[in-house]
Amino acid sequence: MRSTPTILATAAAALAALALAACGSSESGSSTATGSASVLSTAGYQSPATESLSGKRGGTLVVLQESDFEHLDPGITYAALDYPVVFATQRPLYSNKPNSTEPTPDMAASAPEVSADNKTVTVHLKEGIHFSPPVNREVTSEDVAYAIERGLNPNVANPYIKTYFNSLEGIEQGNGGPIKGIETPNKHEIVFHLDESKGSFVAEALVLPLTAAVPKEYAEKFDKNKPSNYASYEVATGPYMLKNNAEGKVLGIGYVPGKSATLVRNPNWNPATDFRPAYLNEIAIKLGGSEPVIDRQVLEGTNIVQNEPVPQSGVRLAAEHYKDQMDISPGGGNRYIAVDNKVGPFANIDLRKALWAATDRDALDRARGGELVGTVATHFIYPTIAGFEQAGGAKGLKVDYNEHPEGDMAVAEKYIKLAGYPSGKYTGSKPIQVVGASSPPEKEDSEIVNQTLKNMGFNTKLTLVEISTMYAKYCGVPKEEIDVCPNVGWIADFADPQTVLNVTFNGKSIEPTGNVNYGQTDDPKINAAMTAGETVVGRQARATAWAKIDDELVEQAAAIPFDWEKTPRLEGKDVHGVAMIWNEGAWDYSFTSLK
Amino acid sequence: MIRYIIRRLLWGVVLLIVVAALMFILFRVLPTGNPALLRAGRDPQPKLVKEIEVVLGLSKPLTVQFWDYMKEIFFHFNFGYSYYSQESVKSLIAERLPATLSLTFGAAVLWVVGGLSVGIVSALRRHSLLDRTLMGGALLAISVPEFWLGLVFLFLFSSDIGKFKIFPGAGSYVPLTTDPWKWFTSLIMPWIVLAAGSAAFFARLMRSSLSETMEEDYIRTARAKGLPERQVVRQGVRSAINPMITLFGLEVGVLLGGAILVEAVFNIPGIGELFYKSIQTSDFPVTQGTVLLGSMFIILANIVVDVAYAYLDPRVRYS
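Conventions adopted
Residues numbered from 1 in each chain as written. Chains lettered and ligands numbered in written order. Predicted model: local features only at pLDDT ≥ 70, side-chain atom pairs only at ≥ 80, totals over all residues. Helix = DSSP H or I, 4+ residues; strand = E, 2+ residues; numbered from the N terminus. Contact = placed C-beta atoms within 7 Å. Rg over C-alpha atoms; globule rule 2.2 N^0.38 Å. Buried ≥ 20, exposed ≤ 12 C-beta atoms within 10 Å, placed from the backbone. pLDDT = per-residue confidence, 0-100. Pairing = 2+ DSSP bridges. Expected span 1.5 Å × (residues − 1). Bend = angle between axes of the 7 residues up to and from the residue. Nonpolar A, V, L, I, M, F, W, Y, C, P; charged D, E, K, R; others polar. Axes fitted to C-alpha atoms, helices over the stretch in contact; angles between N-to-C directions. Parallel < 35°, antiparallel > 145°, perpendicular 65-115°, else oblique. Left-handed = near helix turned anticlockwise from the far one by under 90°. Domains from an automatic or database assignment.

Turning next to the overall build of chain B. Summing up its helical and strand segments, chain B has 13 helices and zero strands in all. The order of α-helices and β-strands along chain B, N terminus first, is α-α-α-α-α-α-α-α-α-α-α-α-α. Reported as C-alpha extents along the three principal axes, the dimensions of chain B are approximately 85 × 55 × 35 Å. Intrachain contacts of chain B at a sequence separation of at least 6 include 67% that bridge at least 24 residues.

Below you can see the structure in the form of structure tokens.
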């Protein structure tokens, strides 16, 4: 068994480092990465890393949100926009406090116990946690088991269970019924048996909402529908619940699609079992509208927040006139230029390095909105994810093509020559395909990259399409053989570095459609390191192992990272908004309060 | 006349079947996005995508899907369920229809009354300063996009973020049955914005049509016979208005298109917004339901217009 103190000590150390970095951010905010502090907070603005978690009890928070939710069922939900509601109403086994990427026991009573062979994970549950009405009874380990098992029911079809829990014994046979690898020895203990040594990684994944308890006797009838409509009747374990009627119906009452969602206090919530303060009495979410109007309504309003990434116009408005009403969170994911490692000119490593050297990453960053929305990236594991510091922190790996964020054509020419083009310019005649998104700021990024390629001697064919088309028809379809996709990115599902690098750069993850290994990186050495990295035990060791893989990706110039995204959020004058550093800076309704 | 109306209604049904078939081809045969793929997460595994396709009924042969789809719509009036909220499309539409009807009917009244009045005044005061001002304004109203005009109105006149806090702003819509006064005030700006373009178009057409009519021989004759000018104008307007009636039916389609943007800007939970969001998320049943409803409105509006035309112009008789 891995000892609990080890996990806690690691967590405490990482938190301390995070806080220290945030506190020492006097030079922060530069678009050029100069130190770790600048990537965790932005000078003059609130950051979830340093935000006070205390608040005043009471009041109703109004949330304005242009987009509707995708799925509020904890077994299906997989969108940053849905999570603020899901995590205010549901309690997974572990959760992140808003200012932390370290899991805190939530439904669990203590840290997970991972066996010495890394093949068994045991979790003890707290007692005294109850489902909201109409279920009302106490939560047991069987409810957690059912919550996970139903993820394999095709009517529920959880989108990540086979990515993160694929080592559970019997998962391949699972279809919603009991899985061999999940055992519930008693009402407050659940054991996960794995057929591979991935216990430490599975333990990290227990923060996902799939592990939030679901009462089988209540949900089963909804899960039989194709698709399941449990979300229309879902019950809560968290401090809030979606308003419902006596039968538990939420649809049309606590959630009116496209119109509103209303969170009220869960009468069965016991604060003694939870770390959430739950200051607010009610959260009234109004759906719809348009961003420019919402931004102004929030900035000129009182008890209102906006809960979506803010467009550049809103960021500018807040920066100029409402500085203290903008919260900027790091950890919004990475952005990189994907280049086809398999076919075409960029199968040549030296041409990839040349493009890295030539790219003006400062300009790409500025096109996205500059220091308020990003920091120039030097590698792939981004701030707030374990392994960031081990991979070189803000400066990254010391290689000549990574030294000058403003672009260095001399270094680029050196690598073009090494690639076999003595003039220092690429002289191949075949045009290369560049496909980017047509909306700002991706359009501007694409044009900058396209110009860089031209400066290097490439004959380019730039195609700009709607962003979903870019992924669905071009960059996510290997057979299209797109040479360069200038603006792709990735956001981790939780703070383990494997979730940043594995599906995006592991050759085993290449799929014919919906592919997210955009550059088709398939390096046997990197693949082997990732396979080994999956079984590493302990947060620190995992961070180190995956940081080495990150280094290797930089050495291979598998793609060209250019931005670590920050996410600004806006709050009204009377709101003490607390954002989730682990969820793209979305507001945490269980910690947010009114002044 | 009755036979004509029945024939037009039957043709309307045929047209709706064609629209439904086209919608099916557009969204199922030539999909803009596979909803199963969207539902399968960021790293969609092929097996999971197939499972979701089965659950959503997308794995059946297209002919079976088409028959099921048409059968449900035309025999059971069932448009299916939203892929996301699981709410029936019929309920979603029914819930939002009053808001869209409030918006479009109000805007249509404003556009007809406003457009025709301005057109008549301009025609009767041709080349005057008033005429030039009104036509200049009309040109501006035709040219500006509704989305932009909506934002300008909000930033100028809304009670929350406006410079002059006069009208309730975005998100203030309340149903007529809840509070008639709030309903009315919340729709003033959206009505103006939605009606502006069509009203301006009608004003220019009316001016041109009435100007020509007022120079016809029978108008001159009426004046020569000493008919009061008021009655002369009435005769002229009655003749000049006929082309507008035909255009009204066509403009209903434009109005519904504009409602999508106006509902988005003013955050009115109507059909237009539902349609717009369903396109963004490949929620095909919702898209199909809303487009069919829109088509039905346009077909009905055109039938009403054709019948009205016969009443207004004695020379037109349908058999």
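The subject of this paragraph is the overall build of chain A. Summing up its helical and strand segments, chain A has 17 helices and 22 strands in all. Over its C-alpha atoms chain A spans a radius of gyration of 24 Å, differing by no more than 12% from the 25 Å that the globule rule assigns to 595 residues. Along the three orthogonal principal directions, the C-alpha set of chain A runs to about 75 × 55 × 45 Å. Within chain A, buried positions represent 59% of all 595 residues. Restricting to contacts in chain A with at least 6 residues of sequence separation, those with at least 24 account for 72%.

Put simply, chain B has an average pLDDT of 89, and 97% of its residues get 70 or more. Per the prediction output, this complex has pTM 0.87; the corresponding ipTM is 0.83.

With that settled, the discussion passes to the pairing of strand β1 (residues 60–65) of chain A. Residues and elements named next belong to chain A. Direction of pairing for β1 relative to strand β11 (residues 282–287): parallel, over a ladder of six bridges. Residue pairing for β11: glutamine 65 is matched across the bridge by leucine 287. As judged from the three bridges shared by β1 and strand β12 (residues 304–306), these two strands associate in the parallel manner. Bridging across to β12, valine 62 finds its partner in isoleucine 304.

On to helix α11 (residues 242–266) of chain B. Between its terminal C-alpha atoms α11 of chain B stretches 34 Å, which fits the 36 Å expected from 25 residues at 1.5 Å a residue. Within α11 of chain B, the axis deviates most sharply at glycine 249 of chain B, by approximately 35°.

Many analyses report the size of an interface as the accessible area lost when the parts associate. Listed per partner, the contact involves 35 residues of chain B and 36 residues of chain A. For the side of chain B that touches chain A, the element with the most residues is helix α3 (residues 46–55) of chain B, which contributes six residues. Partitioned by chemical class, the residues of the side of chain B that touches chain A number 19 nonpolar, eight polar and eight charged.

To continue, consider unusual backbone geometry. Between proline 133 of chain A and the following residue, proline 134 of chain A, the backbone shows a cis peptide bond with an omega angle of 10°. The omega angle of the peptide bond from proline 440 of chain A to proline 441 of chain A is 5°, so this bond is cis rather than trans. Position of proline 441 of chain A among the secondary structure elements: in the loop between β16 (432–437) and α13 (442–455). Positive phi is not limited to glycine here, since threonine 384 of chain A has a value of about 85°. If you trace the backbone, threonine 384 of chain A turns up in the loop between β15 (374–376) and α12 (409–418). One non-glycine residue, histidine 127 of chain B, lies in positive phi territory at about 70°. Here histidine 127 of chain B lies in the loop between α5 (89–124) and α6 (129–143). Since 8 C-beta atoms lie within 10 Å of it, histidine 127 of chain B is described here as exposed.

This part takes up the packing of helix α8 (residues 180–213) of chain B against helix α10 (residues 229–240) of chain B. All names here are of chain B. Between α8 and α10, the least distance of the axes is 9 Å, while the angle of their chain directions is 125°. Taken together, the axes of α8 and α10 lie oblique to each other. Crossing handedness for the pair α8 and α10: right-handed. Of α10, the residues touching α8 (which contributes Met206, Ser209, Leu210 and Thr213) are Gly236, Val237, Ser239 and Ala240. Per-class residue counts for the contact of α8 with α10 are four nonpolar, four polar and no charged.

All right, on to the domain arrangement of chain A then. All names here are of chain A. Assigned domains within chain A: domain 1 (70–240), domain 2 (241–328 + 568–594) and domain 3 (334–565). The element best represented in the side of domain 1 that touches domain 3 is helix α6 (residues 199–205), accounting for four residues. In terms of residue class, the side of domain 1 that touches domain 3 is made up of six nonpolar, five polar and three charged.

Another point: the sheet that holds strand β7 (residues 189–193) of chain A. Residue and element names in this part refer to chain A. Pairing in this open sheet of four strands is antiparallel, and the strands run β4-β5-β7-β6 from one edge to the other. At either margin of the open sheet sits one strand with a lone partner, and together these are β4 (113–114) and β6 (182–186). Strand direction decides the pairing type here: strand β5 (residues 120–124) and β7, joined by five bridges, are antiparallel. Of the residues in β7, the one forming a bridge with threonine 120 is histidine 193. Sheet strands in contact with helix α4 (residues 141–149) are β6 and β7, and its direction is about 170° off that of β6.

A few words on the pairing of strand β14 (residues 334–339) of chain A. All names here are of chain A. In terms of residue burial, β14 counts as a mostly covered element, since six of its six residues are buried. Of the two faces of β14, the one lined by Asn334, Tyr336 and Ala338 and the one lined by Arg335, Ile337 and Val339 are each fully buried. With five bridges connecting them, β14 and strand β18 (residues 484–490) associate as antiparallel partners. Pairing of asparagine 334 across the sheet is with tryptophan 490, part of β18. Bridge count between β14 and strand β19 (residues 559–565): five bridges; the pairing is antiparallel. Of the residues in β19, the one forming a bridge with arginine 335 is aspartate 563.

Residues and elements named next belong to chain B. Following both chains from N to C, one finds α5 and α6 inclined at 145°, their axes separated by 8 Å at the closest point. The crossing of α5 and α6 is left-handed. Contacts from Val118, Val121 and Ser122 in α5 reach Leu130, Asp131, Leu134, Met135 and Ala138 in α6. Within the contact of α5 with α6, the residues separate by chemical class into six nonpolar, one polar and one charged.

An ideal rise of 1.5 Å per residue puts 21 Å on 15 residues; helix α4 (residues 62–76) of chain B measures up with 20 Å between its terminal C-alpha atoms. Just downstream of α4 of chain B, phenylalanine 77 of chain B is the residue with a positive phi angle, here 50°.

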